[in-house]
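# Notes for the structure review
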Amino acid sequence: MQPEDQLRDKLRKIEALYAGAKTAGEKSAAGAAAERIRLKFADASKTERVEEFKFSIPDPWSRQLFTALCRRYGIKPFRYTRMHRQTVIIRAPASFVQMTLWPEFEELSGALTAHLHEITTKIIREEVHEATQDAEEMNEPRQLG
């Protein structure tokens, strides 16, 4: 299996986990998992007060993932005029944000970040230089006084 296919499979499994999939068939059906999460959101919206949540996500890739995840579940991400681009505001029930949306985002973001790090390191090693570790740490030169 190609690394990209492995990543896609991992992302589907993360979503299935937050959808509450119980059987192997449920875990493999990505569309069904997203629909179950949308139903969780709808149920929570009926029983709980919708609150406004403000997120600061400086990394553009993570912010793109978060806004896409919100839209996937029927939540409209936005920011008020003059807010920084890194700010994302949503309106949703607190239980859904705390127990489903944010934990799923963190896991998806972690998987994507690890994958991007792996690919970047491989390309740098192959195309620029094989040594990719941090710069060596040295003592500062003594100051003449």
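Residues numbered from 1 in each chain as written. Predicted model: local features only at pLDDT ≥ 70, side-chain atom pairs only at ≥ 80, totals over all residues. Heavy atoms only, no water.

A word on the overall build of the protein. Of regular secondary structure, the protein possesses five helices and two strands. Secondary structure elements in the protein, listed N-terminal to C-terminal, are α-α-α-β-α-β-α. Against the globule reference of 15 Å for 145 residues, the protein gives a C-alpha radius of gyration of 20 Å, more extended than a compact globule. With the C-alpha coordinates aligned to their principal axes, the bounding extent of the protein is approximately 70 × 45 × 25 Å. Considering the protein as a whole, with its 145 residues, one finds that 30% of them fall into the buried category. Long-range pairs, those at least 24 residues apart, make up 65% of the contacts in the protein with a sequence separation of at least 6. Entry remark: accessible area of the protein is about 10,600 Å², with carbon and sulfur atoms responsible for 52%. (Helix = DSSP H or I, 4+ residues; strand = E, 2+ residues; numbered from the N terminus. Rg over C-alpha atoms; globule rule 2.2 N^0.38 Å. Buried < 20%, exposed > 50% of the residue type's maximum accessible area, 1.4 Å probe, protein only. Contact = heavy atoms within 4.5 Å. Areas by Shrake-Rupley, 256 points an atom, 1.4 Å probe, with all protein chains shown as cover.)

Further remarks concern the confidence of the model for the protein. Taken as a whole, the protein shows an average pLDDT of 87; of its residues, 90% reach a score of 70 or greater. Confidence scores differ between elements of the protein, with helix α2 (residues 24–28) showing the lowest mean pLDDT of 54 and strand β2 (residues 87–93) the highest of 97. (pLDDT = per-residue confidence, 0-100.)

On the secondary structure map, Glu15 appears in helix α1 (residues 3–19). Placed 21 residues apart in sequence, Glu15 and Arg36 show a C-alpha to C-alpha distance of 9.9 Å.

We now examine the packing of α1 against helix α5 (residues 94–127). Between two packed helices, both the angle of their axes relative to each other and the distance between the axes serve to describe the pair. α5 packs onto α1 with a crossing angle of 165° between their chain directions and a minimal axis gap of 10 Å. Relative to α5, the element α1 lies roughly antiparallel. The crossing of α1 and α5 is right-handed. Counting all contacts with α1, which are made through Pro3, Glu4, Leu7, Lys10, Leu11, Ile14, Glu15, Leu17 and Tyr18, the residues of α5 involved are Met99, Thr100, Pro103, Glu104, Glu107, Leu108, Ala111, Leu112 and His115. Among the residues making up the contact of α1 with α5, the classes are represented as eleven nonpolar, two polar and five charged. (Axes fitted to C-alpha atoms, helices over the stretch in contact; angles between N-to-C directions. Parallel < 35°, antiparallel > 145°, perpendicular 65-115°, else oblique. Left-handed = near helix turned anticlockwise from the far one by under 90°. Nonpolar A, V, L, I, M, F, W, Y, C, P; charged D, E, K, R; others polar.)

Under the defined criterion, the tally for this structure stands at three salt bridges. Taking the shortest distance from any N to any O, the salt bridge between Asp9 and Lys13 comes out at 3.2 Å. In this pair, Asp9 and Lys13 both sit in helix α1, four residues apart, roughly one turn of the helix. Among the residues examined, Lys13 registers a relative accessible area of 52% and is labelled exposed. (Salt bridge = Lys/Arg side-chain N within 4 Å of Asp/Glu carboxyl O.)

Two numbers describe a pair of aromatic rings. These are the distance of the centres and the angle of the planes. All told, the structure shown has seven aromatic pairs when counted by the stated rule. Consider the rings of Phe55 and Phe66, whose centres lie 4.7 Å apart with planes at 55°: the pair is tilted. Linking Phe55 in strand β1 (residues 50–56) with Phe66 in helix α4 (residues 60–72), this pair joins segments that are eleven residues apart in sequence. With respect to class, Phe55 is no different from Phe66; both count as buried. Ring geometry for Phe66 and Phe105: centres 5.2 Å apart, planes at 80°, overall edge-to-face. Remark: Phe105 occurs in helix α5 and Phe66 occurs in helix α4; sequence separation between them is 39 residues. Among the residues examined, Phe66 registers a relative accessible area of 0% and is labelled buried. (Phe/Tyr/Trp six-rings, centres within 6.5 Å; stacked < 30°, edge-to-face > 60°.)

To continue, consider α1. Compared with the 24 Å implied by 1.5 Å per residue over 17 residues, the 24 Å span of α1 between its first and last C-alpha is a close match. Leu7, Ile14, Glu15, Ala16, Tyr18 and Ala19 are the residues of α1 that are buried. (Expected span 1.5 Å × (residues − 1).)

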